[in-house]
Amino acid sequence: MTKPHATPDPDPPAIEGLDVKVVFIYYFAWATAITAFTTSQVFHWSLLSPFPYRWGLAVGVVVGVIAAYWNHTTMLALPLANPQQVPPQLQAWLTAHGYALAERHGQVQIYRPAFWQTWFYGTIVLEPLSDRLRLYSRSRTIKQLRQALAQELFQGAKEERQ
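For clarity, every value in this text was computed on a predicted model and none was experimentally measured.

Novice: Quick question: what am I supposed to make of the packing of aromatic side chains here?
Specialist: Note on aromatic pairs: each is described by the distance of the centres and the angle between the planes. Throughout the structure, instances matching the rule amount to 6 aromatic pairs. Measuring from ring centre to ring centre gives 5.5 Å for F24 and F28, while their planes differ by 15 degrees; the resulting arrangement is stacked. With F24 and F28 both in helix α1 (residues 20-42), this residue pair falls 4 residues apart, about one helical turn. The interplanar angle of 90 degrees and the centroid separation of 5.2 Å between the aromatic rings of Y26 and Y27 together place this pair among those described as edge-to-face. The class for Y26 is partly exposed, based on a relative accessible area of 49%. Since its relative accessible area comes to 30%, Y27 is described here as partly exposed. An aromatic cluster of three or more residues is present, and its members are F43, W45 and F51.

Right under this line is the structure:
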């Protein structure tokens, strides 16, 4: 028996990316180890003493928090009439920032920037659904993209009124 209020085409689960905790632990561990080793060499402290690790923990926490804020994976959903086609504003932004279509897995499209820009911008994954387009990338990249699309759509609406 079917449920009367069930949707016929439920959305697939969101693509999983790097969670804030995973990014924090990764950067925290590396920054702590590098700082502890570096301070032990610079100040001639033994790695058996607690002094290099105190500095390492302090630097590791700061680096981990900043990296987790900017580098965790987030999602942006754009409601569209035809999500199978990339909107021209989004395509213009991708081109302006050096992104190119790198892979396609079924309907999912993966855009990557030029190699040297990979450090600043992350890979963008586009997943078309029945009524919207999901975009996945680093938090920093999604924030820039959201601002650019909002500004572009605001200017487009302003031009239509005139």
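Text resumes after the structure shown.
Novice: Got a minute to help me understand unusual backbone geometry in this structure?
Specialist: Only a minority of non-glycine residues have a phi that is not negative, and only a minority of peptide bonds are not trans. Of note in the backbone geometry, H44 takes a positive phi value of approximately 60 degrees without being a glycine. Following the sequence through the fold, H44 ends up in the loop between α1 and α2 (51-71). Exposure remark for H44: the relative accessible area of 72% places this residue in the exposed category.

Novice: Any chance you could explain the sheet that holds strand β2 (residues 100-105) here in plain terms?
Specialist: For sheets, the rule is that strands pair by backbone hydrogen bonds, running either parallel or antiparallel. Across the sheet, which stays open at both edges, the 5 strands sit in the order β1-β5-β4-β3-β2 with antiparallel pairing between neighbours. Unpaired on one side and paired on the other, β1 (73-79) and β2 mark the two borders of the sheet. For this sheet, the mean angle separating the axes of adjacent strands, direction not counted, is 20 degrees. Note that strand β4 (residues 124-128) and strand β5 (residues 132-138) share 4 bridges and pair antiparallel. Looking across to β5, one finds that L126 is bridged to L135. Sitting on the sheet, helix α3 (residues 88-96) touches β3 (108-112), β4 and β5, and the angle it makes with β4 is about 160 degrees.

Novice: Just checking my understanding: could you explain the side chain of E127 for this structure?
Specialist: If you trace the backbone, E127 turns up in strand β4. By relative accessible area, E127 is classed as buried at 9%. Side-chain polar atoms of E127 contact the side chain of Y136, separated by 2.9 Å. Excluding anything up to four places from it in sequence, E127 contacts P12, I15, V108, R132, L133, R134 and Y136.

Novice: I would appreciate a short explanation of a nonpolar patch on the surface in the present structure.
Specialist: A cluster of nonpolar residues, Y26, Y27, W30, I34, V59 and V63, forms a patch on the protein surface that exposes about 560 Å² of accessible area. Secondary-structure elements contributing two or more residues to the nonpolar patch are α1 and α2. It is α1 that provides the largest number of residues to the nonpolar patch, a total of 4 residues. Mapped onto the elements of the fold, V63 is located in helix α2.

Criteria and thresholds
- Residues numbered from 1 in each chain as written.
- Predicted model: local features only at pLDDT ≥ 70, side-chain atom pairs only at ≥ 80, totals over all residues.
- Heavy atoms only, no water.
- Phe/Tyr/Trp six-rings, centres within 6.5 Å; stacked < 30°, edge-to-face > 60°.
- Helix = DSSP H or I, 4+ residues; strand = E, 2+ residues; numbered from the N terminus.
- Buried < 20%, exposed > 50% of the residue type's maximum accessible area, 1.4 Å probe, protein only.
- Pairing = 2+ DSSP bridges.
- Axes fitted to C-alpha atoms, helices over the stretch in contact; angles between N-to-C directions.
- Contact = heavy atoms within 4.5 Å.
- Polar contact = N/O pair within 3.5 Å; in protein donor to acceptor, adjacent residues only side chain to side chain.
- Patch = residues over 30% accessible without salt bridge, like charges linked within 9 Å, V, L, I, M, F, W, Y side chains within 5 Å.
- Areas by Shrake-Rupley, 256 points an atom, 1.4 Å probe, with all protein chains shown as cover.
- Salt bridge = Lys/Arg side-chain N within 4 Å of Asp/Glu carboxyl O.

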